[in-house]
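Take a look at the letters that make up each chain.
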Amino acid sequence: MASRHRRHIAFRRLHESLVDLIALMNLPQRDEALMAEAGIDLDRALFKLIVGIRRFGPIGVVELAERAGRDHTTVSRQVAKLAELGLIERRPNPADRRVKEAVITSAGRRITDALEAARERLVDSAFAEWSDRDLVQFEQLMRRCVDDMLAMSAADKEEGGQ
């Protein structure tokens, strides 16, 4: 086990790396390049939401807004626009019929599939020098990190009564 000092440094570097990655992923130019590579013409704000709906759906507007770090009234209008475009549909939540969930449609799935293929083409060069073993290990460690953080977040919500 690493010393307390080494763990402190590792945590700080990990945090810095995550902040750098999030900042990089949030650059408007990256979204535009991805959409151009995918051949998609969609407002950037809608693009991020359709990806979230595909990943987390069916999902309510409030949860989607929380995950996107946006105001739920804004997200509600944007989800309505996605529905108008036929990329998602709204349906009542089976557990609480007052809540409408966003669900991706086949047209929306075609868009997110094109985005996923474009993302893979664009990111492939960043990992071109990585061995398969390194890439798989990175993916496994990243997944473990996210899963552990999600579990910690869920435990915090339970303790807080939310």
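Residues numbered from 1 in each chain as written. Predicted model: local features only at pLDDT ≥ 70, side-chain atom pairs only at ≥ 80, totals over all residues. Heavy atoms only, no water.

**Re the overall build of the protein chain**
Okay, so step 1: Helix and strand content of the protein chain: seven helices and three strands.
Okay, so step 2: Listing the helices and strands of the protein chain from first to last along the sequence gives α-α-α-β-α-α-β-β-α-α.
Okay, so step 3: Considered along the principal axes of its C-alpha atoms, the protein chain spans approximately 55 × 45 × 25 Å.
Okay, so step 4: Looking at the protein chain as a whole, 22% of its 162 residues are labelled buried.
Okay, so step 5: Pairs at least 24 apart in sequence give 45% of the contacts found in the protein chain among residues at least 6 apart.
Okay, so step 6: Summing over all exposed atoms, the protein chain offers an accessible surface of approximately 11800 Å²; the carbon and sulfur share of this is 53%.
Okay, so step 7: Taking the 27 positively charged and 27 negatively charged side chains of the protein chain as two groups, their mean positions are separated by 3 Å. (Helix = DSSP H or I, 4+ residues; strand = E, 2+ residues; numbered from the N terminus. Buried < 20%, exposed > 50% of the residue type's maximum accessible area, 1.4 Å probe, protein only. Contact = heavy atoms within 4.5 Å. Areas by Shrake-Rupley, 256 points an atom, 1.4 Å probe, with all protein chains shown as cover. Lys, Arg positive; Asp, Glu negative; His and termini not counted. Charge placed at Lys NZ, Arg CZ, Asp CG, Glu CD.)

**As for the nonpolar core**
Okay, so step 1: L42, I53, V79, L82 and L115 are the most contacted members of the largest nonpolar core, which totals 24 residues.
Okay, so step 2: Among the elements of the structure, helix 2 (28-38), helix 3 (44-56), helix 4 (61-68), helix 5 (72-84), strand 3 (100-104) and helix 6 (106-124) are those that each provide at least two residues to this core.
Okay, so step 3: Looking at which element gives the most residues to this core, the answer is helix 3, with five residues.
Okay, so step 4: Excluding its chain neighbours within four sequence positions, the residues that come into contact with L115 are L34, M35, A38, I40, F47 and V51. (Core = buried A, V, L, I, M, F, W, Y, C linked by side-chain atoms within 4.5 Å.)

**Some words on helix 6**
Okay, so step 1: For helix 6, which comprises 19 residues, the first-to-last C-alpha distance of 27 Å matches the rise-based estimate of 27 Å (1.5 Å per residue) to within 8%.
Okay, so step 2: Among the residues of helix 6, G108, I111, T112, L115 and A118 are the ones counted as buried. Projected down its long axis, helix 6 carries its buried residues within an arc of 125°, all on one side. Opposite its buried face, helix 6 presents the exposed residues S106, R110, E120 and D124, each directed more than 90 degrees away.
Okay, so step 3: On the buried face of helix 6, the contacting elements are helix 2, helix 3 and strand 3. (Expected span 1.5 Å × (residues − 1). Arc of directions from axis to C-beta.)

**Regarding the packing of helix 4 against helix 5**
Okay, so step 1: For the pair helix 4 and helix 5, the least separation of the axes is 9 Å and the interaxial angle reads 110°. By the angle between their directions, the pair helix 4 and helix 5 is classed as roughly perpendicular. You can see that helix 4 and helix 5 cross each other, and the crossing is right-handed. Contacts between helix 4 and helix 5 involve V61, V62, L64 and A65 from the first element and H72, V75, S76 and V79 from the second.
Okay, so step 2: Looking at side-chain class alone, the contact of helix 4 with helix 5 contains six nonpolar, two polar and no charged residues. (Axes fitted to C-alpha atoms, helices over the stretch in contact; angles between N-to-C directions. Parallel < 35°, antiparallel > 145°, perpendicular 65-115°, else oblique. Left-handed = near helix turned anticlockwise from the far one by under 90°. Nonpolar A, V, L, I, M, F, W, Y, C, P; charged D, E, K, R; others polar.)

**Some remarks on the packing of aromatic side chains**
Okay, so step 1: Enumeration over the complete set of coordinates arrives at three aromatic pairs.
Okay, so step 2: Between F127 and F138 the ring centres are 6.4 Å apart and the planes differ by 40°, which places this aromatic pair in the tilted class. In this pair, F127 is assigned in the loop between helix 6 and helix 7 (132-160) and F138 in helix 7, connecting sequence segments eleven residues apart.
Okay, so step 3: In this structure F127 comes out as partly exposed when scored by relative accessible area, which is 24%.
Okay, so step 4: Assessed through its relative accessible area of 37%, F138 is described here as partly exposed.
Okay, so step 5: Relative to F138, the ring of W130 has its centre 5.4 Å away and its plane inclined at 70°; by these criteria the two rings are edge-to-face. (Phe/Tyr/Trp six-rings, centres within 6.5 Å; stacked < 30°, edge-to-face > 60°.)

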